[in-house]
Protein chains: 2
Amino acid sequence: MQQYSQLTGLSRRKLLSLIGMTAGSAAMYQAMTSMGLASESGYKGPVKLEGDPKGASVLILGSGLAGMTAALELRQAGYKVQILEYNARPGGRNWTIRGGDSFTDIAGATQKCEFDEGLYVNPGPWRIPYHHNGLLAYCKRLGVTLQPFQQINHNAFLHSSKGFGGKPQRIRDIKTDFQGHVSELLAKVTQKGKLEGDVTKEDQEMLLEALKSWGALDSDYSYKQSLHTSEYRGYEKDPGGGLTAVPVPGKPIDLSDILSSGLWGSLENFALYEFQTTMFQPVGGIDMIGKAFAKEVGDLITYNAKVTKIAQDDKGVTVTYEDTQKPGTTQQASADWCVCTIPLTILSQIEINVGAPMQAAIEAVPYASSVKVGLQFKRRFWEEDDLIFGGVSYTDLPITQISYPSTDFNKAGKGVLLGCYTWNGPNSYEFTSMSPEERVQRAVDYGSQIHPQYKDEFENGVSWAWHRSPFTLGCAGDWTDEARKEHYENLCKIDGRIVLAGEHASYIPAWMEGAILSSLDAITRLHQRVVAG
Amino acid sequence: MQQYSQLTGLSRRKLLSLIGMTAGSAAMYQAMTSMGLASESGYKGPVKLEGDPKGASVLILGSGLAGMTAALELRQAGYKVQILEYNARPGGRNWTIRGGDSFTDIAGATQKCEFDEGLYVNPGPWRIPYHHNGLLAYCKRLGVTLQPFQQINHNAFLHSSKGFGGKPQRIRDIKTDFQGHVSELLAKVTQKGKLEGDVTKEDQEMLLEALKSWGALDSDYSYKQSLHTSEYRGYEKDPGGGLTAVPVPGKPIDLSDILSSGLWGSLENFALYEFQTTMFQPVGGIDMIGKAFAKEVGDLITYNAKVTKIAQDDKGVTVTYEDTQKPGTTQQASADWCVCTIPLTILSQIEINVGAPMQAAIEAVPYASSVKVGLQFKRRFWEEDDLIFGGVSYTDLPITQISYPSTDFNKAGKGVLLGCYTWNGPNSYEFTSMSPEERVQRAVDYGSQIHPQYKDEFENGVSWAWHRSPFTLGCAGDWTDEARKEHYENLCKIDGRIVLAGEHASYIPAWMEGAILSSLDAITRLHQRVVAG
């Protein structure tokens, strides 16, 4: 980018038009990207591992997305690759729970999922932002079919146990009315000349027009009950057909009520880059991604392998592990190099001879606490009764949110809701401390304050508290700015013959993209060292 | 609703809790709806045509959604039903154009669509709002599989040939930055005490907090280039993984530039009730709906029947029509009653003996002008290069908008864009006046200002100008408030043995829901008359 950074806007455009004339549109787009006219992705396109590794071997610890990305690319580049995996399945946190599945937490509590055929919950990652190009590229390459994940749903609820007498409000009402009131307030101070100095006279005229349009204001710059505002917020009675068709306008909620309810606090979920349209999920469950990777590299994986020691010297790396199906026995695997994707919560408890800086980094990163509860209901009442098709309702109750499935829209039959999704904080710790059954019961109790239908329609549920997960002991790396400054580079740098990878070694923690980009960066540096060596 | 309208909020809640305790959640929801706590739909649930029509017969004119809804319900209620249809296919404007299809406009211009297998364009209706309950209910009943229609896409473009040197802007940038600037302006006048009187002191404190959250403001209530604002608007360089991961914040666009560009004018598309998430489309093309209806009532349809005269007396209705495959010949069909769904543009040219009020109404409604152009490209560059997955880019060029397919996301291969979609105004008239081929060429020329890849990737296209459509002579009823006041009831009332139905006889013109609700209202009244008679 730097070679262009001194150019003026005009020169940039001239240059672009020259490029456009002499080359195809792909070159034009490449130029736009490199000039900052399009934003730059953390993914730099298919990784290029050029040069012969001359038979070098790599031992990969963990068959999550980071580990399998590394395995896929390194084998293709000519390495001998082996993967050790703690679980009996590939994917790590890329995991889907379906009817018939059994799973056990560190407290020994085993759950058996009783969902009907075709229903599932993703206890870990579950959605893909459109700008997670690395993950999308692997989905395309590995044939993972995607469908939209509805993150944003205007007709879902905002709920506060304190505001509006505990009655859930439609997101569209709060969102539209807040925007309308803000527009009215700003338009009126603008009209009264109170913006003098901050905005030019000419801009003030345009600002008034823009606020009128954006805030659904009337010709007096007021935000009022009317058919006009109803075209944005919705009606009390929707327009219909024939002789019973006349619509009745909806009544905006007072600004004061919105402010005191605190419901405005959830509106940012409609604006966040990570949640913006269009988001995706794989058809059939998030683990379709892990399974697609495993189709390529599954032959390299040794399952049920619990790593107990990682030792390196100037010749190679030797990893000691226990076959969890034969407790007490130990085995070893060796290679020239090691890509370690074990979560830091676990890795910090394993003997590993890396330098002090990496060791300090391994111990420096706390892990986020997160709990999810999946609930099966006899019918999809959120669609049938409430016209909520996908998306998320937000609440100040400990369950934090209810997410509706982005599948089987408008179909009859049963459905599974995400009935609780906490992230850090007291709610998460409290839910973590409960038994799996209690979490489900509490999710049903709380949720029925938002959807009274819960009581009649609930059938069964499962829950997962990531701090009780044997293979992660937490949900994801939860970096502070201070920890990043001190430890991030030390965590990522190659230490002798070992390099770490995973979402924790990225600036996109907790996202699958972080795992993949971290892995691509790690193996690129590793390969450079191998080829140079 | 009226019986409750005098109750206070508290009494309402008490009542609700009583209902909740003594009845199930469905009763609770019914009560909520009837009390205005949930908005009321124009669709009142499955139509109930109780009472024996005693062998009465109904002749339905037109096999669009209004006509087929009437046929389905009336036959089920015991009527003898026959449908006359002008086209050689069912569905009317519910129509999808695919490779191999041929179609001819009133000027005699015939196009043959050359799209590849699996690709299509919907020249008429194409999307279903979540609150169009009537249509959704029929989709469920008739087994039409739906998928999300991405109307809102934060990463699509806003384009003005005048603003930003003609360079397309990401919607998320304009949207986030405008909201941020507005929040900053209002927060600063609030801080300076300039809202005195309009907002209480206590509310002002909360307003400041809300604006900070909603507008991504910093602790000084400023909207600035930062990693914080980038979490909403996006980055110059996205966060990544490993040692090349540090994000670079995006630089907000100045308010003045946003205002003068006029691009704010398109932001309302993100707020409209009709466009809000979650929208739907049938898997495979919009005509899957018409085809699902025709599977039920196709046996009742006489195709290629051009109605030339509608005559009624106190015994029944007789319709004269020409078989368009045997020009010059005439035939007749008779029944006790007639449901006429012929568009008013056509009906106003047909001899029909209804009273003066209905005749005046038939002649009073102008029809909207609309043109769509479908363009096939060699590859899905909007996804591959621009990360635009579905949704709409808006422009001030005559094509008005470019809509990206909501299907086959992230897949390799060809794709079809909606390369032009005009609605009334000079652009629509100009495009209508062109030959089909010229429309396609112009759509490619204009579109390449937004997507330079057009030039290399374009393969073929089709276009449809609704004012040149032989079966509608326009796109949809385009009521003014004045015309509604004078003519709407007269259009909808039963005249002797004839009742009109269709989107034009609704308050939701141009939407499929309008056609269905109009039809349900019309046949309900017709049935009441028959049973009473």
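Note that the structure is predicted; figures quoted are calculated from it, not measured. (Residues numbered from 1 in each chain as written. Chains lettered and ligands numbered in written order. Predicted model: local features only at pLDDT ≥ 70, side-chain atom pairs only at ≥ 80, totals over all residues. Heavy atoms only, no water.)

**A closer look at the overall build of chain A**
Counting its regular elements, chain A contains 17 helices and 24 strands. Rg of the C-alpha trace for chain A: 27 Å, near the compact-globule value of 24 Å for 533 residues, within the 12% margin. Referenced to the eigenvectors of the C-alpha coordinate spread, the extents of chain A come out at roughly 80 × 65 × 45 Å. By the burial criterion, 61% of the 533 residues in chain A qualify as buried. Expressed as a percentage of contacts within chain A between residues at least 6 apart in sequence, the contacts between residues at least 24 apart total 69%. Of the charged side chains in chain A, 51 are positive and 60 negative, and the gap between their average positions amounts to 3 Å. (Helix = DSSP H or I, 4+ residues; strand = E, 2+ residues; numbered from the N terminus. Rg over C-alpha atoms; globule rule 2.2 N^0.38 Å. Buried < 20%, exposed > 50% of the residue type's maximum accessible area, 1.4 Å probe, protein only. Contact = heavy atoms within 4.5 Å. Lys, Arg positive; Asp, Glu negative; His and termini not counted. Charge placed at Lys NZ, Arg CZ, Asp CG, Glu CD.)

**Description of the interface of chain B and chain A**
It is common to give the size of an interface as the accessible area that goes away when the parts come together. Every contact between the two is made by 105 residues of chain B and, on the other side, 105 residues of chain A. Buried surface at the junction of chain B and chain A, both sides included, amounts to about 9,800 Å², of which 62% is carbon and sulfur. The interface formed by chain B and chain A contains four salt bridges. In this structure, Glu384 of chain A and Lys140 of chain B form a salt bridge, with 3.4 Å as the shortest nitrogen-oxygen distance. At the boundary of chain B with chain A, the tally comes to 39 residue pairs in polar contact (both at pLDDT 80 or more). (Buried area = accessible area lost by both parts, 1.4 Å probe. Salt bridge = Lys/Arg side-chain N within 4 Å of Asp/Glu carboxyl O. Polar contact = N/O pair within 3.5 Å; in protein donor to acceptor, adjacent residues only side chain to side chain.)

**Some remarks on the sheet that holds strand 18 (residues 351–352) of chain B**
All names here are of chain B. Pairing is mixed in the open sheet, where four strands are placed in the order 16-15-14-18. The open sheet is flanked by strand 16 (331–335) and strand 18, the only strands paired with a single partner. Both strand 14 (residues 305–312) and strand 18 contribute to a ladder of two bridges, which runs parallel. Within the sheet, the bridge partner assigned to Lys309 lies in strand 18 and is Glu351. (Pairing = 2+ DSSP bridges.)

**A look at the side chain of Arg93 of chain A**
Residue and element names in this part refer to chain A. Position of Arg93 among the secondary structure elements: in the loop between strand 2 (80–84) and strand 3 (97–98). Classification of Arg93 by relative accessible area gives buried; the value is 17%. Within polar-contact distance, the side chain of Arg93 engages the backbone oxygen of Cys475 at 2.9 Å. Every residue in contact with Arg93, bar those within four places of it in the chain, is listed here: Gly124, Pro125, Pro343, Tyr367, Trp466, Phe471, Thr472, Cys475, Ala476 and Glu503.

**Some thoughts on the domain arrangement of chain A**
All names here are of chain A. Segmentation of chain A into domains returns domain 1 (2–34), domain 2 (57–91 + 296–365 + 480–532), domain 3 (97–155 + 278–285 + 368–468) and domain 4 (171–260). Regarding the contact of domain 2 and domain 3, the summed buried area is about 1,100 Å², with carbon and sulfur atoms giving 71% of it. Considering only the surface of domain 2 that becomes buried against domain 3, Trp511, Met512 and Glu513 emerge as the three largest contributors, covering 51% of it. Remark: the boundary between domain 2 and domain 3 carries one salt bridge. With a shortest N-O distance of 2.7 Å, Glu73 and Arg141 are connected by a salt bridge. Applying the counting rule to domain 2 against domain 3 returns six residue pairs in polar contact (both at pLDDT 80 or more). Where the side of domain 2 that touches domain 3 is concerned, the elements lending two or more residues are helix 3 (65–76) and helix 17 (512–532). (Domains from an automatic or database assignment.)

**Section: the state of the cysteines**
Under the criterion given, the structure shown has zero disulfides over all chains. Here Cys338 of chain A stays free of any disulfide, with the sulfur of Cys340 of chain A as its closest cysteine sulfur at 5.5 Å. The thiol sulfur of Cys113 of chain B is not disulfide-bonded, and the nearest other cysteine sulfur, from Cys420 of chain B, lies at 16 Å. On the accessibility criterion, Cys113 of chain B (2% relative accessible area) is buried. (Disulfide = S-S within 2.5 Å.)

**Digging into the packing of helix 4 (residues 133–142) of chain B against helix 17 (residues 512–532) of chain B**
Residue and element names in this part refer to chain B. Remark: helix 4 packs on helix 17, axes separated minimally by 8 Å, with the N-to-C direction vectors making an angle of 85°. Classified by the angle between their axes, helix 4 and helix 17 sit roughly perpendicular to one another. From helix 4, Asn133, Gly134, Leu135 and Tyr138 reach across to helix 17, where they touch Met512, Glu513, Ile516, Leu517 and Leu520. Residues that form the contact of helix 4 with helix 17 fall into these classes: six nonpolar, two polar and one charged. (Axes fitted to C-alpha atoms, helices over the stretch in contact; angles between N-to-C directions. Parallel < 35°, antiparallel > 145°, perpendicular 65-115°, else oblique. Nonpolar A, V, L, I, M, F, W, Y, C, P; charged D, E, K, R; others polar.)

**What to know about the UniProt feature "domain: Amine oxidase" (unreviewed entry) in chain A**
When the UniProt feature table is mapped to this numbering, "domain: Amine oxidase" (unreviewed entry) covers residues 65–522 of chain A. End-to-end, the C-alpha atoms of residues 65–522 of chain A are 13 Å apart, and along that stretch the chain is 32% helix and 21% strand. (UniProt positions renumbered as here; feature names shortened; annotations may be inferred.)

**Digging into the pairing of strand 15 (residues 317–323) of chain B**
Residues and elements named next belong to chain B. Of all seven residues that make up strand 15, six are buried, and the element is covered over most of its length. Judged from the seven bridges that link them, strand 14 and strand 15 form a sheet pairing that is antiparallel. Among the inter-strand pairings, Val307 is bridged to a residue of strand 15, identified as Tyr321. Taking the residues between adjacent antiparallel strands as the criterion, strand 14 and strand 15 are bridged by four residues. The pairing of strand 15 with strand 16 spans five bridges and is antiparallel. Among the inter-strand pairings, Val319 is bridged to a residue of strand 16, identified as Ala333.

**Topic: the relation of the copies chain B and chain A**
Once chain B has been moved 0.0 Å along the axis and rotated by 180°, it coincides with chain A to within an RMSD of 0.0 Å. These values place the two chain copies in the arrangement generated by a two-fold rotation axis. Among all residues of chain B, the minimum C-alpha distance to the rotation axis is found for Leu186 of chain B, at 2.8 Å. In this assembly the copies share their binding face: 100% of the residues contributing to the interface of chain B also contribute to that of chain A. (Least-squares fit on C-alpha atoms with pLDDT ≥ 70 in both.)

**Some details on the pattern of salt bridges**
If the charged atoms of two oppositely charged side chains come close together, the side chains can form a pair. As enumerated under the stated definition, the model contains 51 salt bridges over all chains in all. For Glu209 of chain A, the salt bridge goes to Lys212 of chain A, with nearest N and O atoms at 3.8 Å. Of this pair, Glu209 of chain A and Lys212 of chain A both sit in helix 6 (residues 201–214), separated by three residues, roughly a single helical turn. Take Glu209 of chain A: its relative accessible area is 38%, and that puts it in the partly exposed class. Connected through shared salt-bridge partners, Lys140 of chain A together with Arg379, Glu384, Asp385 and Glu457 of chain B make up one network.

**Observations concerning the nonpolar core**
Formed by 270 residues in total, the largest nonpolar core has its most connected members in Phe178 of chain A together with Phe178 of chain B. With near-sequence residues (within four places) excluded, Phe178 of chain A lies in contact with Leu255, Ile258, Leu259 and Leu267 of chain A together with Leu207, Ala210, Leu211 and Trp214 of chain B. (Core = buried A, V, L, I, M, F, W, Y, C linked by side-chain atoms within 4.5 Å.)

**Here we look at the sheet that holds strand 1 (residues 57–61) of chain B**
Residue and element names in this part refer to chain B. Taken together, the five strands give an open sheet; going across it, the order is 13-2-1-17-24, and neighbouring strands pair in parallel fashion. In this open sheet, the two strands that pair with only one neighbour each are strand 13 (301–302) and strand 24 (498–500). Bridge analysis of strand 1 against strand 17 (residues 337–340) gives four bridges, and the strand direction is parallel. Bridge pairing in strand 17 links Ile60 to Val339.

**Focus: helix 6 of chain A**
For helix 6 of chain A, which comprises 14 residues, the first-to-last C-alpha distance of 20 Å matches the rise-based estimate of 20 Å (1.5 Å per residue) to within 8%. Of all the positions in helix 6 of chain A, only Asp203, Gln204, Leu207, Leu208, Ala210, Leu211, Ser213 and Trp214 of chain A are classed as buried. Summarising the contacts, the buried residues of helix 6 of chain A are in contact with helix 5 (171–191) and helix 7 (227–233) of chain A together with helix 5 (171–191), helix 6 (201–214) and helix 8 (255–261) of chain B. (Expected span 1.5 Å × (residues − 1).)

**Remarks on the confidence of the model for chain A**
Residues and elements named next belong to chain A. Here chain A averages 93 in pLDDT, and 93% of its residues register 70 or above. A low-confidence stretch, residues 28–37 stays under pLDDT 50, and its non-local contacts, those more than four residues away or across chains, total 25 contacts. Interface predicted TM-score (ipTM) for the complex: 0.92; the corresponding pTM is 0.93. (pLDDT = per-residue confidence, 0-100.)

**Here we look at the environment of Asn133 of chain B**
By the secondary structure assignment, Asn133 of chain B is in helix 4. Residue classification places Asn133 of chain B among the buried positions, given a relative accessible area of 16%. Measuring from C-alpha to C-alpha, the distance between Asn133 of chain B and Tyr446 of chain B comes to 37 Å, with 313 residues separating the pair along the chain. If sequence neighbours within four positions are ignored, Asn133 of chain B has contacts with Leu387 of chain A together with Ser41, Tyr43 and Glu513 of chain B.

**Side note on unusual backbone geometry**
All names here are of chain A. The linkage connecting Thr277 with the following residue, Thr278, adopts the cis geometry, with an omega of 5°. Of note in the backbone geometry, Tyr221 takes a positive phi value of approximately 65° without being a glycine. Of note, Tyr221 is situated in the loop between helix 6 and helix 7.

**A word on the packing of aromatic side chains**
Residue and element names in this part refer to chain A. One pass over the full model with this rule turns up 53 aromatic pairs over all chains. When the centroid spacing of 6.4 Å and the interplanar angle of 85° are considered together, the rings of Tyr421 and Trp423 count as edge-to-face. We note Arg497 situated over the ring of Trp337; from NZ or CZ to the ring centre the distance is 4.5 Å. (Phe/Tyr/Trp six-rings, centres within 6.5 Å; stacked < 30°, edge-to-face > 60°. Lys NZ or Arg CZ within 6 Å of the ring centre and 35° of its normal.)

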